[in-house]
Every structure is written in C-alpha cells, then in structure tokens.
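What follows is the residue order along each chain.
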Amino acid sequence: VRYATKAILASAQRQEPAETFSSGPQFASTYIVRGDPHSSKYAYGRDANPTWSTLEAAITTLEGAQTLVFASGMAATAAVLHAAIARGSRAIIPAEGYFNVRRIAEDFAVRGIDLVQLPSNRIEGCDFSGVSAVWIETPSNPFLEITDIARVAERVHASGAILVVDNTAATCVGQDAIGLGADVVIASDSKSLCGHSDLILGHAATNSEQIFGALLAHRTLYGAIPGPFEAWLAQRSLATVELRVAKQSANALAIASALAADPRARAVRYPGLHSHERHDVAARQMRYFGPMLTFDLETAAAADAFLNGCKLIKVATSFGGVHTTAERRARWGSDSVSEGLIRLSAGCEDEADILEDVMQALDSAIR
Ligand SMILES: *Cc1c(COP(=O)(O)O)cnc(C)c1O
C-alpha cells in the first residue's frame, strides 16, 4: 500500500492484549460489523460502548439493579421521568428536592404530565391513589430532609405505583435504596460516587425489565450519552468509593458536632446528628450519613465573611469531592434557604485540619 494508506493502517495496529488491571477507555463512533447490524451489541457509538458496559456492570454490582449510565444526573432524571410516567398521569416529587428536578416539572406540565410537588415530610403519609410514580430524594439537597424509603415503598406499591429514589447524596454505598424497596434509583455521579470533582455523569438502575428497556430506548433516541473517557474516569473512581464516603462521613460528623457545640453557628443540620428530627430513620436506612451538612450564620455578610476566611476549604458548589467545599446556598436564588445558610461538603482531608479551618474562619467572621 502507499503512504496515506500505510498511515491509516499503522494507526489502527493493535498489540497483543496484555492482562492489565484497567481496561482503559475505548473510543468508538462506529464498530466493524458485517451483515445484520443487530447481530452485534456494538454497531453504532450512540447505542452502546464497551467502556460504558464495563462501568454499568460495576455499578450494577454496587446498586443491586441493572444500570444504565447517562451524560449527567439530569439526563438520567429526564430519562426516568419520560420512561416511567405516562402521558396524562400524575406523579409526586419532593418540594424541597434538587431544584432542577422541580424546574423540569414545569416543562412536563406543558406536555400534560402532572408532577405534583409535596413537602418531603408529607410524602410518607400521603394518599397515592391516582398516582403512577412517587419520586423521593433522601437526604435531600440542600435541605437534608430524610424520607423513610421502606415505608414509602410499601405504601406506594400497595397502591400500584412505582417508587423512584434520587440517591445522589448518599450513593449506593451509603444507602441501599433498591434493597429498601425502590423500583428505580437515579443518581448524579458528578457528586460522591466519582468524587474527584472532575466529571459530569449520572446513572439509573432498576430491576424492572420494562423500565430498563424504556430507559435504554430513551438514551439511544435522545442521545444523552457519556463520553468513554468520563465513563473510564468513573470506573477508576469506584475502587475508592467506600473509602471516600466513609472518610467524608466521619469528617462531616466531626464538623457538624463541632459547629453544633458552637453558639455562633445556628441550625446545624446533618442526618448523623441526634438533633436531626429524623436521625432514627437515617440511622436505620443509611450505612454512611454522607458528606453534606448545613448551618446558618444568619446574615449573608457573616456567611460571606466565613467563606472568605476559609483557607483549606474551597468555595465551590456541588458536593461529594475529596476536597472540602462550602458555599452560601442563597447566592443561587434557587432554593428557599436563609441568606446566611452555608452548605458544606466534607472531603477526605485530615479531620483536625478541616476543623481548624472551620474554627479559624468562624473566628474571622464572627467575633
Ligand atoms: C446534582 C444533582 C442532580 C443533577 O445531577 P447532574 O450530574 O448535575 O446533572 C440531581 N439530583 C441531585 C440530588 C443532585 O444533587
């Protein structure tokens, strides 16, 4: 062959496979398939990718349910809402859940799907007749509401509906939502599951063949697929997920306890604190209480002074990373939180270093 062909053939040359610990990302927009394209799982890059498959097999093991990965937590959310809720039917979503899920509800209303917002603490005892799906988020972001998954699951199933749990805050490591009765779990893996603040990804998991098929069809048609590189980074992150979640949870409890003992911080909220009104439920259903806690410094000025005073703790939104982060939540204008509320996500640093930073920042903000 001539030079241009030689270059193309050379660049596709493979070495014999070695037994590496990591399979690495596999990039493909298309695959070599002769004849009937349906004879192979891998024919076109939007339909399937071996790096997603590897990650999906891993998350399936951790979730205890068949998993599909999506481009983001919102992509997984949208897919579940589309796949699980029929036109003309009604579903319940939490009024203090993740704000973008509430925003999506407005969009669904336009198309004749009624997503009714109810406060988390009313969902458990609610009458589910005429409802096709119930969506809960526990712990909720950023209000840290706890919903009793097993109790809701029992009541939802008795009325013939399905239960969807947004398990982002706890992750499957911290809370076995499927085991507690969820029909579908969704999660933003941009948070604790991947945990390095370097990628956006989501997944949905279910043991219903019918819902799984609908989710797969939705992903293939609408194309909210992750890149193989993100999928591989996620795969790599999974090995340490329990180490990270355990350390974050221990650090979060230490910070929450220190703040609860300090009169300058008000309304300290963490599911692991006995003062949380649903600590008993959280303790029953969670293996780890997670990285997220909130406290109130009463004014925007005091909260901003605290954040400006932080040296180790970074001011950033989101949660679940290895670095401790914090922000004044009201700066987004999206949640009805007090102006001085700080949402903090505990990272994996040494506990004493973070506690020192929290206390010196408090000293610098409030004398
Ligand atoms: C972040 C988040 C989402 C959305 O996930 P993305 O990966 O940002 O699209 C959904 N639910 C909860 C509870 C979240 O915190």
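These numbers come from a predicted model, not from an experiment.

### Concerning the overall build of the chain
Alright, step 1. When helices and strands are tallied, the chain shows 13 helices and twelve strands.
Alright, step 2. Against the compact-globule benchmark of 21 Å for 367 residues, the chain has a radius of gyration of 22 Å, which places it among compact chains.
Alright, step 3. Principal axes of the C-alpha set define a box for the chain whose edges measure 80 × 55 × 35 Å.
Alright, step 4. Burial statistics for the chain: of 367 residues in total, 53% are counted as buried.
Alright, step 5. Considering only intrachain contacts with a sequence separation of at least 6, the fraction spanning at least 24 residues in the chain is 68%.
Alright, step 6. Looking at charge distribution, the chain has the averaged site of its 32 positive side-chain charges lying 6 Å from that of its 40 negative ones.

### Here's the deal with the environment of Arg 264
Alright, step 1. Take Arg 264: it is sitting in the loop between α10 (241-260) and β8 (266-269).
Alright, step 2. With a relative accessible area of 24%, Arg 264 lands in the partly exposed category.
Alright, step 3. As a C-alpha pair, Arg 264 and Leu 297 span 33 residues in sequence and 7.0 Å in three-dimensional space.
Alright, step 4. Sequence-distant contacts of Arg 264, defined by excluding residues within four places in its chain, comprise Asp 296, Leu 297, Met 359, Leu 362, Asp 363 and Ile 366.

### Concerning the pairing of strand β5 (residues 162-166)
Alright, step 1. Burial of β5 is extensive: five of the five residues sit out of reach of the surface.
Alright, step 2. Alternating residues of β5 divide into Ile 162, Val 164 and Asp 166 and Leu 163 and Val 165, and every residue in both groups is buried.
Alright, step 3. Summarising the sheet, strand β4 (residues 131-137) and β5 pair through five bridges and their orientation is parallel. Its bridge partner being in β5, Trp 135 is matched across the sheet by Val 164.
Alright, step 4. In this sheet, strand β6 (residues 184-188) lies alongside β5 in parallel orientation, the contact comprising three bridges. Across the sheet, residue Asp 166 finds its bridge partner in β6, namely Ile 186.

### Re the sheet that holds strand β1 (residues 66-70)
Alright, step 1. Taking strand neighbours across the sheet as the criterion, the seven strands line up as β1-β7-β6-β5-β4-β2-β3 in an open arrangement whose pairing is mixed. Of all strands in the sheet, those bounded by a partner on one side alone are β1 and β3 (114-118). On average, adjacent strands in this sheet sit at an angle of 20° to one another, irrespective of strand direction.
Alright, step 2. With three bridges connecting them, strand β2 (residues 90-94) and β4 associate as parallel partners. Counted as the bridge partner of Ala 91 is Ala 133 from β4.
Alright, step 3. On top of the sheet, helix α4 (residues 99-110) reaches β2, β3 and β4; it is set at about 155° to β2, its chief contact.

### Some words on the layout of surface pockets
Alright, step 1. Size it by volume and the largest pocket reaches roughly 600 Å³.
Alright, step 2. Lining the largest pocket are 32 residues, with Tyr 98, Ser 188, Ser 190, Lys 191 and Ser 318 sitting closest to its centre.
Alright, step 3. Looking at the lining of the largest pocket, the elements that each hand over two or more residues are α3 (73-84), α4 and β6.
Alright, step 4. The element best represented in the lining of the largest pocket is α3, accounting for three residues.
Alright, step 5. A per-class count over the lining of the largest pocket returns twelve nonpolar, 13 polar and seven charged.
Alright, step 6. The calculated volume of the second largest pocket comes to roughly 330 Å³.
Alright, step 7. The wall of the second largest pocket is formed by Arg 14, Gln 15, Pro 17, Gln 26, Phe 27, Ala 28, Thr 30, Tyr 31, Ile 32 and Pro 50.
Alright, step 8. Here the residues of the lining of the second largest pocket are counted per class, giving six nonpolar, three polar and one charged.

### With respect to the pattern of salt bridges
Alright, step 1. Here the structure, examined in full by the defined rule, presents 18 salt bridges.
Alright, step 2. A salt bridge links Arg 219 to Glu 56, with the shortest nitrogen-to-oxygen separation between them at 2.9 Å. You can see Arg 219 sitting in helix α8 (residues 209-222) and its partner Glu 56 sitting in helix α2 (residues 50-63), a full 163 residues away along the chain.
Alright, step 3. Residue Glu 56 is classed as buried on the basis of its relative accessible area, which comes to 10%.
Alright, step 4. Across the pair Arg 343 and Glu 327 runs a salt bridge whose closest N-O atoms are separated by 3.1 Å. Placement of the pair is Arg 343 in strand β12 (residues 341-345) and Glu 327 in strand β11 (residues 325-328), with a sequence separation of 16 residues.
Alright, step 5. Put simply, Arg 102, Glu 327, Arg 329, Arg 331, Asp 335 and Arg 343 are held in one network by salt bridges that share partners.

### Quick notes on the environment of Glu 96
Alright, step 1. Assignment of secondary structure puts Glu 96 in the loop between β2 and α4.
Alright, step 2. Taking the relative accessible area as the measure of exposure, Glu 96 reaches 14% and is therefore buried.
Alright, step 3. Sequence spacing of Glu 96 and Val 173 is 77 residues, and the spatial spacing of their C-alpha atoms is 23 Å.
Alright, step 4. Ignoring sequence-local partners within four residues, the contact set of Glu 96 consists of Arg 102, Pro 119, Ser 120, Ser 140, Asn 141, Phe 143 and Glu 145.

Rules behind the numbers
Residues numbered from 1 in each chain as written. Predicted model: local features only at pLDDT ≥ 70, side-chain atom pairs only at ≥ 80, totals over all residues. Heavy atoms only, no water. Helix = DSSP H or I, 4+ residues; strand = E, 2+ residues; numbered from the N terminus. Rg over C-alpha atoms; globule rule 2.2 N^0.38 Å. Buried < 20%, exposed > 50% of the residue type's maximum accessible area, 1.4 Å probe, protein only. Contact = heavy atoms within 4.5 Å. Lys, Arg positive; Asp, Glu negative; His and termini not counted. Charge placed at Lys NZ, Arg CZ, Asp CG, Glu CD. Pairing = 2+ DSSP bridges. Axes fitted to C-alpha atoms, helices over the stretch in contact; angles between N-to-C directions. 1 Å grid on protein atoms, 1.4 Å probe; cavity = no way out; pocket = protein on both sides within 12 Å on 5 of 7 lines; lining within 4 Å. Points joined across faces, edges and corners; volume = space filled by probe spheres on them. Nonpolar A, V, L, I, M, F, W, Y, C, P; charged D, E, K, R; others polar. Salt bridge = Lys/Arg side-chain N within 4 Å of Asp/Glu carboxyl O.

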